[in-house]
Structure formats: C-alpha cells, structure tokens
Amino acid sequence: MNRRNAAIAAAIVLAIGAFFALGLDRVLSLDFLKEAHQALLAMHAEHPVKVTGMYFVVYVAVTALSLPGATVLTLAGGALFGLFTGTLLVSFASSLGALLAFFASRTLLRETVRKRFGRRLEEIDAGVERDGALYLATLRLVPVVPFFVINLAMGPTAIRARTYYAVSQAAMLPATIVYVN
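The text that follows walks through the structure, step by step, so that each part is easy to find. (Residues numbered from 1 in each chain as written. Predicted model: local features only at pLDDT ≥ 70, side-chain atom pairs only at ≥ 80, totals over all residues. Heavy atoms only, no water.)

## Focus: the nonpolar core
Ranked by size, the top nonpolar core spans 22 residues in total, and within it Phe102, Leu136, Met154, Ile159 and Tyr164 carry the most contacts. Listing elements by their share of this core, those giving two or more residues are helix H5 (70–107), helix H6 (110–131), helix H7 (133–141), helix H8 (147–154) and helix H9 (161–180). Once residues lying within four places of it in the same chain are set aside, the contact partners of Ile159 are Phe102, Arg106, Val128, Leu136, Met154 and Tyr164. Core analysis: the second largest hydrophobic core is formed by 19 residues, Leu33, Tyr59, Val60 and Leu73 among them. (Core = buried A, V, L, I, M, F, W, Y, C linked by side-chain atoms within 4.5 Å. Buried < 20%, exposed > 50% of the residue type's maximum accessible area, 1.4 Å probe, protein only. Helix = DSSP H or I, 4+ residues; strand = E, 2+ residues; numbered from the N terminus. Contact = heavy atoms within 4.5 Å.)

## Comments concerning H8
For an α-helix, the turn length of 3.6 residues means that residues three or four places apart are oriented alike. With 6 of 8 residues buried, H8 is to be regarded as a mostly interior element. For H8, the complete set of buried residues consists of Val149, Ile150, Asn151, Leu152, Ala153 and Met154. Looking at the buried positions of H8, the neighbouring elements they touch are helix H4 (48–64), H5, H6, H7 and H9.

## Considering the packing of aromatic side chains
Tallied over the entire structure, the rule returns 5 aromatic pairs. Judged by centre distance (5.0 Å) and plane angle (65°), the rings of Tyr55 and Phe81 are edge-to-face. Pair noted here: Tyr55 is in helix H4 and Phe81 is in helix H5, with a separation of 26 residues, a long-range link. Comparing Tyr55 with Phe81, the two get one shared label, buried. With 4.2 Å between their ring centres and 15° between their planes, Phe102 and Tyr164 make a pair best called stacked. Remark: Tyr164 occurs in helix H9 and Phe102 occurs in helix H5; sequence separation between them is 62 residues. Above the ring of Phe117, the side-chain terminus of Arg116 is found at 5.9 Å from the ring centroid. (Phe/Tyr/Trp six-rings, centres within 6.5 Å; stacked < 30°, edge-to-face > 60°. Lys NZ or Arg CZ within 6 Å of the ring centre and 35° of its normal.)

Have a look at this one:
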C-alpha cells in the first residue's frame with residue numbers, strides 16, 4: 001500500500017473510531033430522531049441551506065464508511081424535507097456514499113475483501129461477468145443482501161464505476177421513495 005492509500009485508510013479508521021467514541025451511533029437512532037424532530041424542523045426553517053447541506057454530507061459519510069444509521073437518516077430525510085426533496089437528497093447521497101465505499105473496496109480494501117468474502121466474491125464476480133449491470137440491479141432490488149455488503153463486495157469485481165453508480169442510483173430509488181415517504 002502506497003503512502004497516499006495508507007493515509008486515506010488511516011483517515012477512514014479514525015473517522016469510524018471517532019463516530020463510535022463520540023457516541024454518534026446513538027444520535028443516528030429512531031429514538032433520537034423522535035426526540036429531536038421539532039428542534040430539527042426549527043433548525044431547518046431557520047437555516048435551510050446549511051441543514052440541507054449538512055444532512056447530505058452526513059448521509060454520504062455514513063454510507064461511504066458503512067456506518068449504522070442510513071435507514072434512520074432516510075426516515076429523517078422524509079420527516080425534515082418532505083417526499084420530493086427528501087427523496088432527491090437521499091437518492092444522491094446514498095448513491096455517492098455507495099460509490100465512495102465501492103472505490104475504497106476497489107483500491108484500499110481489495111485484498112481484505114477478497115479474503116473476507118472468498119467463494120461468495122467468486123460467485124458475485126461470475127454474476128457480474130454473466131449479467132453485468134442487471135446482476136447489480138437485482139442485488140439492489142432484492143433486500144436480502146445489506147447495501148453496505150454490496151458496496152464492499154462489488155469493489156473488486158470488473159464492473160465499471162460509472163455503471164455501478166448509475167445502476168445503484170436507479171435500483172435503490174424505489175426503496176428510497178418508500179422509506180422517505
């Protein structure tokens with residue numbers, strides 16, 4: 001691993017450690033969302049651009065780092081921004097975060113992912129080889145495999161990043177609309 005990748009990996013590990021050390025996992029809970037709902041609405045009314053921007057950045061980071069809380073953030077998107085804006089925010093933030101996790105898997109974690117997923121990764125690779133984008137779309141549409149696992153497992157495959165992003169964006173959209181609503 002070169003210096004740049006080692007620095008990126010160290011930053012990722014520090015970010016994940018800070019998330020748990022600061023107790024942010026408790027903030028990304030349904031109970032916290034219920035308690036803070038009115039305060040978040042007031043904050044959004046007072047600073048709509050800042051709150052929207054912060055929400056987007058937090059969502060991308062949570063997804064990219066495969067942290068727990070994306071489902072709660074999706075529900076929060078609907079509660080704070082409504083169906084249309086919430087869907088736009090969640091759709092693009094989740095797809096961008098998934099792409100960042102995909103790149104991390106492809107560049108920094110390739111060997112770790114290969115060792116961890118072993119035979120399953122061979123099956124995924126064969127599925128991508130055989131069916132291409134349709135294989136990824138099917139994984140995204142059938143909620144058997146958690147999204148963070150898909151993000152990591154697809155990194156070492158032959159799928160192109162552009163295809164990965166476009167298919168993820170489209171295939172995650174139906175579930176996004178349901179959860180935001």
